[in-house]
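Architecture at a glance
If you want the building blocks of each chain, they are given just below.
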Amino acid sequence: MLSASSGTEVQSSVTIEYLNPAGQATKRKNIRNAIITLGRNEFRDIILQVHDGKLSQNFVLREIQLFTQFIRDGKSSIKLIPDNIQILVSNCPPDKLKVLFKTLAIKYAADKKINKPVSDRTRLLSTLPRTFDTISPVQAQDVKRANQLQPQGTVQSPISTKGSTPSTPASRWMKPAKKPTLTMPVVRKLTKEQAHILSMILKGKNVFFTGSAGTGKSFLLRRIVGALPPKDTYATASTGVAACHIGGTTLHAFAGIGSGKAPLQQCIELAQRPGILRQWQSCRHLIIDEISMIEGEFFDKLEAVARIVRQCNEPFGGIQLIVCGDFLQLPPVSQKKEKYKFCFQAKSWQKCIHVNMELTDVRRQTDKKFIAMLQAIRLGRCPEEVAVQLMNTANQKIDRDGILATRLCTHKDDVELTNEQKLQRLPGELQTFEAVDSDPMFVQTLNAQCPAAQTLQLKKGAQVMLTKNLDIERGMVNGARGVIIDFEPGNKSLPRVRFLCGVTETIKPERWTVKALGGTHLTRHQLPLKLAWAISIHKSQGMSLDCVELSLSRVFESGQAYVALSRARSLEGLRVMDFDSRVVHANADVLRFYSRLKKERILMQSTMDDHIEMEDQENRIPGRL
């Protein structure tokens, strides 16, 4: 069950439009910072209350249409059909807006099933005092009633998407599904550590959070993005693929200062170009993922640019920073062994970051022995027993059901060559799938940031992996391995894939959204698949691989061996061809940084425990133990 506040109230910008019979707005009221609350009046009608900080306005929702095409961007609208009023909602945290509208849809449909409308005469003659009570959370019986509107499974209701008729199934705008049923969103619970980090961020703190591979950093980032207002939140990452996972852009594209190696004055001039300057000025929350690959000098340059272009002398120009990554994984990319500096070594790091936190609960792997091995390797240690166990995997049979192990490579040229050769050797007809892009002019941007290829070539028998989470409960996650068993007959010839998790599924195109220069949203529709005979270590970040084969002889960076090994879900699904303990090493500066973080965390936990104990003593009833 959802709490009342989570399902019935949001903060956003609101525009109220009063329409004429032709649908044109004759009067418009804009409220930049409004509180929207779902409630009921004395007649049990569903009410939408809009509060502008001084006065509230109540709208009775008797016959409505919901427009939710852009709900993932924090935008939606409600049309009150008999009153010819339209309420436009924008800049709302997307997760909260989605819950609000689903709560409204279910309550509205359930009311249609059990409540008879009160006549206008009864309303006029009523002596009941006017009331407004916040609507109760959605219960199981609400969902059941909402879905009993038509026995055949079609929900007949005036709630519809843009361009649809009142008879359109109400579930269609919520989640495309085989069964047109109304359901509340399934929200995976945050761990205590994750919840604490989110609460710090919502309090306005500048936060750096870290954690080993598989501790849910990307999952938490998506929840953070969904909890912040979209208009002034910019989600970025050091790489395009990482940025796409959180629906953002690269940090370099956001900043607009190129590599940052130019003199400060030149960087300021670049950041003051119209489209870039608008981003800098409107940004209140800046998310940076995969911070380990951002160079410290670049971070310092950004901090100085932010203060100057925003004309604000606070650290980072007053922007709230939400920074994520693991410095014990991939370091900044350097040219010809140039000396690089990590972000935590930047001059401005300490004054910009208020809170450092570490996630410690590993979710990707469940075998405690394997987790302990990976933690040792992450810290650059490889005891003899760990080395022996990894060497023993060389002859391990991890292929099954026609699904071969994916080989992780240190160099992308090896990946492309391996996949191309293996595909060509397969018999049968080559099937080509072209992506459908929202703007062909930005193909290069989409290619750089989107994990889905512009052109995807497949054959029966091709080794593939998912590039998007489709159904976490069934194991259909980013990195899930499979093999193409056939193609559906017809014009589209969609591939049927047998996955290692036991699911056989016809894979349909999915949508990815990335941000281009100036905040423009670009979309790509493509199959969420990629060839999986081989994949680069860089491109594997964030993935959980079922069966993986490694060759670590060409490892050239600290942390690279750990990144590769930690992609595996289990030791049983791992084969290391040529393990040598000399490839395991961690940067000494990073180890010192994490040692300091650990001491701070222990001190903070001790302080928190003392505080809780003092509160317990103060609240203890005299004379009772």
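The preceding data block contains the structure.
Conventions used here
- Residues numbered from 1 in each chain as written.
- Predicted model: local features only at pLDDT ≥ 70, side-chain atom pairs only at ≥ 80, totals over all residues.
- Heavy atoms only, no water.
- Helix = DSSP H or I, 4+ residues; strand = E, 2+ residues; numbered from the N terminus.
- Contact = heavy atoms within 4.5 Å.
- Polar contact = N/O pair within 3.5 Å; in protein donor to acceptor, adjacent residues only side chain to side chain.
- Buried < 20%, exposed > 50% of the residue type's maximum accessible area, 1.4 Å probe, protein only.
- Lys, Arg positive; Asp, Glu negative; His and termini not counted.
- Salt bridge = Lys/Arg side-chain N within 4 Å of Asp/Glu carboxyl O.
- Phe/Tyr/Trp six-rings, centres within 6.5 Å; stacked < 30°, edge-to-face > 60°.
- Lys NZ or Arg CZ within 6 Å of the ring centre and 35° of its normal.

Bringing the environment of Ser282 into the picture now. Of note, Ser282 is situated in helix 10 (residues 274-282). The sequence separation of Ser282 and Ile319 amounts to 37 residues, and the corresponding C-alpha distance is 9.7 Å. Beyond its immediate stretch of four places on either side in the chain, Ser282 contacts Lys231, Asp232 and Tyr234. Within the local environment of Ser282, its side chain forms a polar contact with the backbone oxygen of Arg278, the two atoms lying 2.9 Å apart.

What follows deals with the environment of Val503. Along the chain, Val503 falls in the loop between strand 21 (495-499) and strand 22 (504-506). Look at Val503 and you get buried, because its relative accessible area is 11%. Taking C-alpha positions, Val503 is 7.5 Å from Arg474, a pair spaced 29 residues apart along the chain. In this structure Val503 touches Arg474, Met476, Val497 and Arg498, once residues within four positions along its chain are discounted.

Within the fold, Arg567 resides in the loop between helix 17 (560-565) and strand 28 (574-576). One buried charged residue, Arg567, forms no salt bridge at all, with the nearest opposite charge on Glu290 at 7.2 Å. Among the polar contacts listed, one links the side chain of Arg567 to the backbone oxygen of Val563, at a separation of 2.8 Å. Apart from the residues within four sequence positions on either side, Arg567 is in contact with Ala213, Gln329, Arg364, Leu408, Ser540, Gln541, Gly542, Met543, Ser544 and Leu545.

The next point concerns the packing of aromatic side chains. Here the structure, examined in full by the defined rule, presents 16 aromatic pairs. With a centroid separation of 6.2 Å and 75 degrees between ring planes, the pair formed by Phe327 and Trp349 is classed as edge-to-face. Taken together, the residues Phe327 in the loop between strand 13 (320-324) and helix 12 (349-352) and Trp349 in helix 12 connect sequence positions 22 residues apart. Both residues of the pair, Phe327 and Trp349, belong to the buried class. Relative to Phe342, the ring of Tyr340 lies with its centre 5.5 Å away and its plane at 90 degrees, an arrangement referred to as edge-to-face. Phe342 carries the same exposure label as Tyr340, and that label is buried. Put simply, the rings of Phe208, Phe299, Phe316, Phe327, Tyr340, Phe342, Phe344, Trp349, Phe593 and Tyr594 touch in pairs and so form one group of aromatic residues. For the cation-ring pair, Lys27 lies above Tyr18, with the distance from its terminal atom to the ring centre recorded as 5.3 Å.

Moving on, we come to the pattern of salt bridges. Under the definition given, this model contains 21 salt bridges. In this structure, the salt-bridge partner of Arg407 is Glu549, at a minimum N-O distance of 3.1 Å. A residue pair is termed long-range when its members are at least 10 positions apart, and Arg407 in strand 15 (residues 406-409) and Glu549 in strand 27 (residues 548-550) qualify at 142 residues. You can call Arg407 partly exposed: its relative accessible area is 29%. In this structure, the salt-bridge partner of Glu505 is Arg474, at a minimum N-O distance of 3.0 Å. With a gap of 31 residues between them, Glu505 in strand 22 and Arg474 in the loop between strand 19 (463-466) and strand 20 (481-487) connect regions that are remote in the sequence. One continuous salt-bridge network, built from bridges that share partners, spans Asp399, Arg407, Glu549 and Arg575.

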